[in-house]
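# Geometric and topological summary
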Amino acid sequence: GCIGASSDWLIASKFSPEALEKKLGLGFVRIGMDELLAEIEKKDYPENEYTRLFKTKSFDPQEVEKALYVYGAIKRLCGKYQLCGVSVRCFDLLDTVYTTGCLALAILNSEGIYGGCEGDMPALISMAVLGAVTGEPMFLCNPSRFDTKNGTALFAHCTIPVTMLKDFSLNTHFESGIGVAVQGSFEESDCTIFKCEGDLSRFHAQEGHIIDTPFSDMLCRTQIKVQLDDFSYFLTKPINNHHIICRGRHAEEAEAFFRLLES
């Protein structure tokens, strides 16, 4: 499902509901932002291990509570529409309820409901595919910096499932300076970077190694540095901007999945 429209600045964000149903057996529903805002007004959310964990962190408790109202609202809509995944036009929350969806999406992804940002449906479909293939939690992120001389790429975003992290703190959302974002740190590990087109006609799966969790206040709050052998895909024909990263080496499984789709 998608709450609101795709964000206006997204590039190559089109997708095919027909391909989604034909190739994956998944349906699609679009939900209005007004329905989400009405749910947020209920100011209610389920207490669970993740909501309790976020409330133990050192951050303005009123801001955390406000962000948890967004989580409760999206969780109820996922139940109402039987969604296994949802993308939210989250920047519309900034000037309506004065918070962000970062914390909500972090919890949903930790619970196994694929949660994506900015109404980006190809990214959400990529999360569903990679999640089904690997069983791993996933980081939806932006490739932000490339250092081809030293063979590293920096990926960043303001939300991530806490089940991927060694530890985390809370910060504000990067672009707006408001709300609650997740600033996480990783164990060093192998990883897979993945993305597919919104009609499943093309995909990219590439393995790397997470070597560091740096931090710059000029980027989204969770930042990882990945060792890569080849940058040609990113510098020539990347599929959109958002990419999906999970732990472990899973390129072969992703390639096998798409061979099955074509057979």
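Anyway, here's the lowdown on the structure attached to this text. (Residues numbered from 1 in each chain as written. Predicted model: local features only at pLDDT ≥ 70, side-chain atom pairs only at ≥ 80, totals over all residues. Heavy atoms only, no water.)

### Quick word on the environment of Glu35
Of note, Glu35 is situated in helix α2 (residues 33-40). For the pair Glu35 and Gln223, spaced 188 residues apart in sequence, the C-alpha to C-alpha distance is 32 Å. Not counting the four nearest positions on each side in its chain, Glu35 is found in contact with Leu77, Lys80 and Tyr81. A polar atom in the side chain of Glu35 sits 2.6 Å from the side chain of Lys80. (Helix = DSSP H or I, 4+ residues; strand = E, 2+ residues; numbered from the N terminus. Contact = heavy atoms within 4.5 Å. Polar contact = N/O pair within 3.5 Å; in protein donor to acceptor, adjacent residues only side chain to side chain.)

### Re the pattern of salt bridges
Per the counting criterion, the structure on display carries twelve salt bridges. Among the ionic pairs, Lys42 bridges to Glu39, the shortest N-O distance being 3.0 Å. For Glu39, a relative accessible area of 13% puts it in the buried group. Across the salt bridge formed by Asp190 and Arg249, the nearest N and O atoms sit 3.3 Å from each other. A residue pair is termed long-range when its members are at least 10 positions apart, and Asp190 in strand β9 (residues 189-196) and Arg249 in the loop between β12 (243-247) and α8 (251-262) qualify at 59 residues. Classification of Arg249 by relative accessible area gives partly exposed; the value is 43%. Beyond isolated ion pairs, a larger network of salt bridges with shared partners links Glu39, Lys42 and Arg76. (Salt bridge = Lys/Arg side-chain N within 4 Å of Asp/Glu carboxyl O. Buried < 20%, exposed > 50% of the residue type's maximum accessible area, 1.4 Å probe, protein only.)

### Focus: the packing of helix α4 (residues 61-80) against helix α5 (residues 102-111)
Between α4 and α5, whose axes approach to 8 Å, the crossing angle comes to 50°. Accordingly, the angle class assigned to the pair α4 and α5 is oblique. Crossing handedness for the pair α4 and α5: right-handed. Contacts between α4 and α5 pair Val64, Ala67, Leu68, Val70, Tyr71, Ile74 and Lys75 from the former with Leu103, Ala104, Ile107, Leu108 and Glu111 from the latter. Its residues assigned to classes, the contact of α4 with α5 shows ten nonpolar, no polar and two charged. (Axes fitted to C-alpha atoms, helices over the stretch in contact; angles between N-to-C directions. Parallel < 35°, antiparallel > 145°, perpendicular 65-115°, else oblique. Left-handed = near helix turned anticlockwise from the far one by under 90°. Nonpolar A, V, L, I, M, F, W, Y, C, P; charged D, E, K, R; others polar.)

### Structural notes on the sheet that holds strand β3 (residues 85-88)
Spatially, the four strands line up as an open sheet ordered β2-β1-β3-β4, and their pairing is parallel. Each edge of the sheet is formed by a strand with only one pairing partner; in this case those strands are β2 (30-31) and β4 (114-117). Note that β3 and β4 share four bridges and pair parallel. When the bridges of β4 are listed, Val88 appears paired with Cys117. Each of β3 and β4 is contacted by α5, which is oriented at about 150° to β4, the strand it contacts most. (Pairing = 2+ DSSP bridges.)

### Details of the packing of helix α3 (residues 49-56) against α4
α4 packs onto α3 with a crossing angle of 160° between their chain directions and a minimal axis gap of 10 Å. One finds that α3 runs roughly antiparallel with respect to α4. The handedness of the crossing between α3 and α4 is right-handed. Taking contact as the criterion, the partners of Thr51, Phe54 and Lys55 in α3 are, on α4, Val64, Glu65, Leu68 and Tyr71. Looking at side-chain class alone, the contact of α3 with α4 contains four nonpolar, one polar and two charged residues.

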